[in-house]
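Residue-level structure breakdown
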Amino acid sequence: MIADRWGVSEDEVTLAFPCDEWIGRASLVAWRGVTVRAPAAEVWPWVLQVRLAPYSYDWIDNLGRRSPQILLDLTPPAVGDAFIRAGGKQMGTVLSVDPPHQLTGRLAGAVISYVLRATDSSTTRLLMKLASGVPRPLAPFLSAGDLVMARRQLLNWKRLAEGGG
């Protein structure tokens with residue numbers, strides 16, 4: 001499918017992701033990934049802040065409000081909590097969490113997993129997989145839109161975790 005992969009290897013797309021448990025036959029599956037020069041324990045708090053802001057293009061999905069550029073003191077997420085905040089509203093539901101390895105949630109008919117894999121003591125692969133049962137004719141459009149937004153989100157977290165505030 002168009003725009004279904006960005007920044008991931010063939011080996012990474014064959015990995016089992018937590019979202020696989022929540023979507024049966026997905027019409028859309030998309031993978032995104034970025035290498036972060038920081039340990040997973042330093043990347044994880046940024047991923048958790050998706051509960052405060054989307055970290056993609058704030059002018060689009062956060063009504064112009066800037067996503068926090070510093071880490072804030074958040075309570076750990078729990079299954080059933082709101083998954084993200086965008087446009088000033090809590091959205092979705094946390095389905096699974098395993099700190100500092102993965103956060104999975106449902107949002108508007110899609111299930112998204114953020115997975116952190118240490119490549120060594122100072123480098124992390126930050127992977128995202130989206131699976132959805134969206135009607136097949138809409139899948140390419142959702143995939144392309146997600147690519148634009150998810151790429152920006154992952155690159156923002158990379159910059160922040162690497163100390164580029």
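**Digging into the confidence of the model for the protein**
For the protein, mean pLDDT is 89; residues scoring 70 or higher make up 90% of the total. At the low end of the mean pLDDT range in the protein sits helix α3 (residues 58–61), at 74; at the high end sits strand β5 (residues 93–98), at 97.

**Thoughts on the nonpolar core**
Among the nonpolar cores identified, the biggest contains 32 residues, and V43, V47, L103, Y114, L126 and W157 are the most heavily contacted of them. Taken together, the elements giving at least two residues each to this core come down to β2 (28–36), α2 (40–48), β3 (84–86), β7 (110–120), β8 (123–132) and α4 (139–161). It is α2 that contributes the most residues to this core, six residues altogether. Apart from the residues lying within four places of it in its own chain, the contact partners of V47 are L103, Y114, L116, L126 and W157. I23, W31, L95 and V111 belong to the second-largest nonpolar core, a separate cluster that totals eleven residues.

**Side note on the sheet that holds β5**
Ordered by their spatial adjacency, six strands build an open sheet running β1-β2-β8-β7-β6-β5, and the pairing between neighbours is mixed. Lying at the two open borders of the sheet, with one neighbouring strand each, are β1 (5–6) and β5. As defined by bridge partners, β7 adjoins β8 across ten bridges and the pair is classed as antiparallel. Directly across from S113, in β8, lies its bridge partner K129.

Calculation rules
- Residues numbered from 1 in each chain as written.
- Predicted model: local features only at pLDDT ≥ 70, side-chain atom pairs only at ≥ 80, totals over all residues.
- Heavy atoms only, no water.
- pLDDT = per-residue confidence, 0-100.
- Helix = DSSP H or I, 4+ residues; strand = E, 2+ residues; numbered from the N terminus.
- Core = buried A, V, L, I, M, F, W, Y, C linked by side-chain atoms within 4.5 Å.
- Buried < 20%, exposed > 50% of the residue type's maximum accessible area, 1.4 Å probe, protein only.
- Contact = heavy atoms within 4.5 Å.
- Pairing = 2+ DSSP bridges.

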